[in-house]
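# Observations on chain architecture
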Amino acid sequence: MSNRMWGGRFASGPAEIMEEINASIDFDKRLAPQDIRGSLAHAAMLAKTGILPREDAAEIERGLKTVAEEIAEGRFSFSRALEDIHMNVESRLNELIGPAAGRLHTARSRNDQVATDMRLWVRDTIDALDGQLAELQMALAEKALAHAGAVMPGFTHLQSAQPVTFGHHLLAYVEMLARDRGRFADARRRLNECPLGAAALAGTSFPIDRFMTAEALGFDRPTANSLDSVSDRDFALETLAAAAICAVHLSRFAEEIVLWVTPQFGFVRLSDRFTTGSSIMPQKRNPDAAELVRGKAGRIFGALQGLLVVMKGLPLAYSKDMQEDKEGVFDALHTLSLCIAATAGMVRDMEPDTKAMKRWAGAAYATATDLADWLVRALNLPFRAAHHVTGRLVAMASERKVGLEKLTLDDMRTVEPRITEEIFGVLGVEKSVRSRTSYGGTAPANVRRQARRWLMRLKRERDAPA
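Quick summary incoming for the structure in this document. (Residues numbered from 1 in each chain as written. Predicted model: local features only at pLDDT ≥ 70, side-chain atom pairs only at ≥ 80, totals over all residues. Heavy atoms only, no water.)

Within the chain, the secondary structure is distributed over 18 helices and 6 strands. Relative to the globule expectation of 23 Å for 466 residues, the C-alpha radius of gyration of the chain, 30 Å, shows a markedly less compact shape. In the chain, which comprises 466 residues, the proportion classed as buried is 47%. Pairs at least 24 residues apart make up 75% of the contacts formed inside the chain by residues separated by at least 6 positions. Counting only carbon and sulfur atoms, one obtains 53% of the accessible surface of the chain, whose full area is about 22700 Å². If the 61 positive side-chain charges of the chain are averaged to one point and the 60 negative ones to another, these points end up 7 Å apart. (Helix = DSSP H or I, 4+ residues; strand = E, 2+ residues; numbered from the N terminus. Rg over C-alpha atoms; globule rule 2.2 N^0.38 Å. Buried < 20%, exposed > 50% of the residue type's maximum accessible area, 1.4 Å probe, protein only. Contact = heavy atoms within 4.5 Å. Areas by Shrake-Rupley, 256 points an atom, 1.4 Å probe, with all protein chains shown as cover. Lys, Arg positive; Asp, Glu negative; His and termini not counted. Charge placed at Lys NZ, Arg CZ, Asp CG, Glu CD.)

This is the structure:
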């Protein structure tokens with residue numbers, strides 16, 4: 001039997017495998033709220049422009065609201081024979097209100113309908129992700145303020161480099177997440193044009209008011225080219241790109257958590273709420289939440305690559321290939337939401353071991369740069385000369401298996417005779433971080449100021465009227 005929603009041209013129904021490959025209702029039913037919003041706006045516009053009798057528009061509105069309630073309450077029966085969410089909604093509308101339902105599809109196509117639904121869904125999801133990212137920033141900034149002076153080793157090449165503070169380290173991720181939010185905001189701004197009314201690809205001969213439907217659905221304006229309207233998936237690609245970069249940041253932080261909770265580092269502790277045990281080793285406490293955040297980044301990257309490959313060879317306008325945009329977008333953005341929530345939970349849960357951090361902050365001659373800087377300031381040595389002197393002193397300390405601060409003044413003067421007792425005032429890790437007062441530096445005073453600035457900004461955003 002042919003699909004009664006479009007089957008006039010066809011004498012028989014599709015092959016079973018054709019139905020299997022063609023149907024999208026299993027995943028695009030997620031678009032039901034957006035599809036019904038778009039249909040309500042379209043019907044209202046058709047009525048106002050006189051294309052649709054007002055009594056039919058009223059019936060369509062009543063029927064669509066009933067369908068929305070049935071879906072929300074889990075009472076709606078989705079049919080794979082009807083292929084997609086659009087046909088399922090329209091078929092049920094016909095059962096509810098009769099022939100008037102057939103007028104709803106006037107001056108539109110499934111092509112512009114699905115493009116509108118997807119933009120609405122992506123826009124809604126970006127707004128939700130932005131709220132989640134703001135909450136994660138808040139958690140990081142609060143923890144940073146609480147531990148603004150907690151000294152820890154800073155790394156380059158995963159080798160101890162210079163002392164920093166735990167608060168400063170956490171604020172680095174606040175900055176990254178701010179850029180992520182900016183990328184999502186940019187994507188949202190560009191996607192906020194309404195394709196509805198572009199019809200299949202060429203527009204329509206009906207005297208529709210596309211500006212009315214765009215305004216009703218919260219878009220800034222209608223899309224300007226009907227071909228582009230139905231064939232564009234830039235908005236999905238750009239959102240996935242922003243999601244992929246965000247996933248990189250979450251994954252990097254997750255990797256640090258995995259390292260920090262090992263006995264070899266011992267910098268932080270996670271409770272039972274964010275760790276799991278081993279089936280064979282009873283002593284184990286595994287940071288599985290962090291590992292899963294790290295692992296799930298790959299799914300998000302894959303969704304971006306997958307959609308790029310789908311789109312790269314498609315001529316204008318719509319092709320069925322573009323049905324493949326949905327599952328990847330849905331999965332990637334759901335996965336990102338889950339990872340943000342898990343990361344925020346770990347941040348609030350983690351407790352730093354400040355003694356262990358401080359102990360390792362001074363390891364591997366981490367204050368060597370402070371020594372070199374002192375030589376420049378106090379003795380007016382060129383930095384390269386100071387670097388060389390410091391390198392010789394580090395070699396001496398390493399040979400004797402002591403820290404730089406354990407060398408005597410006489411030892412140091414064998415390398416540079418003008419060194420004075422003042423040198424010992426810069427070799428402690430706490431003195432080192434306090435001295436890093438340049439804008440953006442790790443000095444605790446800087447960290448407190450930046451953490452408070454972020455908390456004020458985030459609370460202002462949260463409390464602003466919608």
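From this point, the narrative continues.
The tally for this structure, following the rule as stated, stands at 35 salt bridges. Between Arg-75 and Glu-73 there is a salt bridge, with its nearest N and O atoms 2.8 Å apart. For Glu-193, the salt bridge identified is with Arg-221, shortest N-O distance 3.2 Å. Remark: Arg-221 occurs in strand S4 (residues 221-222) and Glu-193 occurs in strand S3 (residues 193-194); sequence separation between them is 28 residues. In this structure Glu-193 comes out as partly exposed when scored by relative accessible area, which is 23%. Residue classification places Arg-221 among the partly exposed positions, given a relative accessible area of 39%. Counted as one network, the salt bridges with shared partners bring together Asp-130, Arg-181, Arg-457 and Glu-461. (Salt bridge = Lys/Arg side-chain N within 4 Å of Asp/Glu carboxyl O.)

The next point concerns the packing of helix H6 (residues 110-146) against helix H12 (residues 325-349). Two elements in contact, H6 and H12, have axes separated by 9 Å at closest approach and are oriented at 15°. On the basis of their axis angle, the class for H6 and H12 is roughly parallel. Judged by the sense of rotation from one axis to the other, the crossing of H6 with H12 is left-handed. Of the residues in the contact of H6 with H12, the class split is 18 nonpolar, 4 polar and 6 charged. (Axes fitted to C-alpha atoms, helices over the stretch in contact; angles between N-to-C directions. Parallel < 35°, antiparallel > 145°, perpendicular 65-115°, else oblique. Left-handed = near helix turned anticlockwise from the far one by under 90°. Nonpolar A, V, L, I, M, F, W, Y, C, P; charged D, E, K, R; others polar.)

To continue, consider the environment of Phe-211. For Phe-211, the position within the fold is in helix H8 (residues 210-216). As for Phe-211 and Phe-76, which are separated by 135 residues in sequence, their C-alpha atoms are 32 Å apart.

Cis geometry is adopted by the peptide bond preceding Ala-317, which originates at Leu-316 and carries an omega value of 10°. Take Ala-317: it is sitting in the loop between helix H11 (288-311) and H12. A positive phi angle, near 75°, is found at Glu-83, a position not held by glycine. On the secondary structure map, Glu-83 appears in the loop between helix H4 (54-72) and helix H5 (85-97). The backbone phi angle of Lys-401 is positive, close to 60°, even though this residue is not glycine. Looking at where Lys-401 falls in the secondary structure, it is placed in the loop between helix H15 (383-400) and helix H16 (409-413).

Before going further, it helps to spend a moment on the pairing of strand S2 (residues 159-165). Taken together, the 6 bridges between strand S1 (residues 151-156) and S2 define a ladder with antiparallel strand orientation. Within S2, the residue paired with Phe-155 across the bridge is Ser-160. With antiparallel pairing between neighbouring strands as the criterion, S1 and S2 make up a hairpin whose turn holds 2 residues, including His-157 at a positive phi of roughly 60°. (Pairing = 2+ DSSP bridges.)

We now examine the nonpolar core. Judged by nonpolar contacts, the single largest core of 99 residues is most densely connected at Leu-140, Phe-166, Phe-184, Leu-250, Phe-253, Val-329 and Leu-336. With 15 residues, the single largest contributor to this core is helix H10 (residues 234-260). When neighbours within four sequence positions are excluded, Leu-250 is seen to be in contact with Leu-136, Leu-177, Val-293, Leu-336, Cys-339, Ile-340 and Thr-343. Ala-368, Leu-371, Leu-381 and Leu-409 belong to the second largest nonpolar core, which has 21 residues in total. (Core = buried A, V, L, I, M, F, W, Y, C linked by side-chain atoms within 4.5 Å.)

With 17 residues, helix H3 (residues 32-48) ought to run about 24 Å at 1.5 Å a step, and its terminal C-alpha atoms sit 24 Å apart, in line with that. Buried residues dominate H3, accounting for 12 of its 17 residues. Ala-32, Gln-34, Asp-35, Ile-36, Gly-38, Ser-39, Ala-41, His-42, Ala-43, Met-45, Leu-46 and Ala-47 are the residues of H3 that are buried. The inward-facing, buried residues of H3 contact helix H2 (25-28), H4, H5, H6 and H8. Among the residues trailing H3, Gly-50 stands out with phi positive, at a value near 80°. (Expected span 1.5 Å × (residues − 1).)

The next thing to look at is the packing of helix H7 (residues 166-191) against helix H18 (residues 444-463). Packing of H7 against H18 brings their axes to within 10 Å, and their N-to-C directions diverge by 35°. Every pair of crossing elements has a handedness; the one defined by H7 and H18 is left-handed. On H18, the residues that touch Gly-167, His-168, Leu-171, Val-174, Glu-175, Ala-178 and Arg-181 of H7 are Val-447, Gln-450, Ala-451, Arg-453, Trp-454, Leu-458 and Glu-461. When grouped by side-chain class, the residues that make up the contact of H7 with H18 number 7 nonpolar, 3 polar and 4 charged.

Here the focus is the packing of aromatic side chains. Inspection of the entire model under this criterion finds 7 aromatic pairs. Judged by centre distance (5.7 Å) and plane angle (65°), the rings of Phe-166 and Trp-260 are edge-to-face. Placement of Phe-166 in helix H7 and of Trp-260 in helix H10 is noted, with a sequence separation of 94 residues between them. Both residues of the pair, Phe-166 and Trp-260, belong to the buried class. When the centroid spacing of 4.7 Å and the interplanar angle of 50° are considered together, the rings of Tyr-173 and Phe-253 count as tilted. Residue Tyr-173 is located in helix H7, and its partner Phe-253 is located in helix H10; the two are separated by 80 residues in the primary sequence. Overall, Phe-253 belongs to the buried group, its relative accessible area being 2%. By way of ring pairs, the aromatic residues Phe-166, Tyr-173, Phe-253 and Trp-260 are connected into one cluster. For Arg-123, the ring lying beneath its charged end belongs to Phe-219, and the centroid distance is 4.8 Å. (Phe/Tyr/Trp six-rings, centres within 6.5 Å; stacked < 30°, edge-to-face > 60°. Lys NZ or Arg CZ within 6 Å of the ring centre and 35° of its normal.)

From the geometry alone we can't say anything about function, so treat these as descriptive.
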